[in-house]
Amino acid sequence: METLSSLCTSQALMSRSSSPAIFCTSGSVSFTGFSLKTQAFSKKKQTLRFVRASVAVEQQTQEAKVALIRIGTRGSPLALAQAHETRDKLMALHSDLAEEGAIQIVIIKTTGDKIQSQPLADIGGKGLFTKEIDEALINGDIDIAVHSMKDVPTYLPEKTILPCNLPREDVRDAFISLSAASLADLPDGSIIGTASLRRKSQILHRYPSLSVEENFRGNVQTRLRKLNEGVVKATLLALAGLKRLNMTENVTSILPIDDMLPAVAQGAIGIACRSNDDKMVDYLASLNHEETRLAVVCERAFLETLDGSCRTPIAGYARKDENGDCIFKGLVASPDGTRVLETSRKGPYAFDDMIAMGKDAGQELLSRSGPGFFDR
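Cut-offs applied
Residues numbered from 1 in each chain as written. Predicted model: local features only at pLDDT ≥ 70, side-chain atom pairs only at ≥ 80, totals over all residues. Heavy atoms only, no water. UniProt positions renumbered as here; feature names shortened; annotations may be inferred. Pairing = 2+ DSSP bridges. Helix = DSSP H or I, 4+ residues; strand = E, 2+ residues; numbered from the N terminus. Axes fitted to C-alpha atoms, helices over the stretch in contact; angles between N-to-C directions. Contact = heavy atoms within 4.5 Å. Core = buried A, V, L, I, M, F, W, Y, C linked by side-chain atoms within 4.5 Å. Buried < 20%, exposed > 50% of the residue type's maximum accessible area, 1.4 Å probe, protein only. Phe/Tyr/Trp six-rings, centres within 6.5 Å; stacked < 30°, edge-to-face > 60°. Lys NZ or Arg CZ within 6 Å of the ring centre and 35° of its normal.

An unreviewed UniProt entry lists the protein chain under the name Porphobilinogen deaminase, chloroplastic, with Salix viminalis as the source organism. The UniProt entry for the protein chain carries the following text under Subcellular location (unreviewed entry): "Plastid, Chloroplast". The UniProt entry for the protein chain carries the following comment under Sequence similarities (unreviewed entry): "Belongs to the HMBS family."

Okay, structure coming up:
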């Protein structure tokens, strides 16, 4: 293992000792130490620099201390960053949760984490990154569950609710490459790495001369390592995740939403609890960001109406415009990008209206796509 330049103090991204181990490299804070140094795309070959570092949650040292809230999460650096954001907000708002040991983070390995050798579309099924966490919630092993909303199926398991969304991060996708400034600058035949059929279809629709490697899986750090090793010429990652990991230095350029419509609920964190747990419902109500929740509701109504399989590229994004209205854009596509159908809606930024907009947009695209489009 390469030597780390210094160990960050608890004042950076940690508010107490149960935080993950966070390391400093070259004076910056990073969960992994990955750093892509771009130099205005000179002809000189660029490289990714990274330091291996572990992210772990320390066990509670005082067994007698019973946590008031147990947060369930996946164990990736990004999932842990989201769990710690949730924890820190709860501690800031509630004095009873600010005490040492009042909140415990429980790491749960999901099916999507266990199976890394296949594209997600080939694994099949829904809830690949949420099922085991939901089961722990229902069984009482955890009190709340923190999810990336784009991983959450449109249905929720019985006995659970999802009443809270944190403020949404930037929904756009980031382009990352060692040799090109944008997708348009890549030579014909260049291979782009992405496990997302949504990204694949939109890339191939605009740049049919490029190729896409679908089985480009792993967390952010793994995919940057593969890029550094030359497995692909470029990749696309959610800008929200890079921001939450303090890794935006790796971004080559940001794709406009008109060029790459985001996944439904991209950039949003959702927090679930048991439907009969009034205390957790009250805690989560204090965290909820209503503008984000309504946008996610609209997008998920669109997705639920389409009821696409895991092999169907679907994108959707709802936002509030300068007049306070909701603007929704939705898209479905064939995986090869040869067929892309788009639609949009505008209406009041209110719960019932936004659900209606999402459903209506979904019905339109179902009608336009024709029989068999979603059975591919």
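Now that the structure has been shown, we can carry on.
Enquirer: Before we move on, can you summarise the sheet that holds strand β9 (residues 160-165) with the specific residues and values?
Expert: Hydrogen bonds between backbone atoms are what pair the strands of a sheet, whose relative direction is either parallel or antiparallel. Read across the open sheet, the five strands follow the order β7-β6-β8-β15-β9; overall the sheet is mixed. On the outer flanks of this sheet lie β7 (103-107) and β9, each paired with one strand and no other. Here the average twist between neighbouring strands, direction ignored, is 30 degrees. Across four bridges, β9 lies against strand β15 (residues 269-274) in antiparallel orientation. Each residue of the ladder has a partner; that of cysteine 164, found in β15, is isoleucine 271. Running over the sheet, helix α8 (residues 278-285) touches β6 (69-73), β8 (144-148), β9 and β15 and is turned about 160 degrees from β15.

Enquirer: Explain the nonpolar core to me, and be specific about the residues and the numbers.
Expert: Counting residues in hydrophobic clusters, the biggest one holds 20 residues, and the most contacted among them are Ile69, Ile71, Leu90, Ile103, Ile144 and Ile271. Contributions of two or more residues to this core are made by β6, α1 (77-93), β7, β8, β15 and α8. What isoleucine 271 contacts, discounting residues up to four positions off in sequence, is Thr86, Ile144, Ala145, Val146, Ile161, Leu162, Pro163, Cys164, Leu166, Leu284 and Leu287. In terms of nonpolar packing, the next biggest core, distinct from the first, is built from 17 residues, Cys298, Ile314, Ala318 and Phe373 among them.

Enquirer: Could you give me a rundown of the packing of aromatic side chains, with the residues and numbers involved?
Expert: Applying the stated criterion across every chain, the model contains one aromatic pair. Seen from the ring of phenylalanine 216, lysine 226 lies directly overhead, with NZ or CZ sitting 5.5 Å from the centre.

Enquirer: Report on the sheet that holds strand β16 (residues 314-320), specifying residues and quantitative values.
Expert: Reading across the sheet, the three strands line up as β16-β17-β18 and stay open at both edges, with antiparallel pairing between neighbours. Looking at which strands have only one partner, the edges of the open sheet turn out to be β16 and β18 (340-348). When strand polarity is set aside, the average angle formed by the axes of neighbouring strands in this sheet is 10 degrees. The strands that helix α5 (residues 197-206) touches are β16, β17 (325-333) and β18; relative to β16, the one it contacts most, it runs at about 95 degrees. On the sheet, helix α9 (residues 290-306) packs against β16 and β17 and is oriented at approximately 150 degrees with respect to β16.

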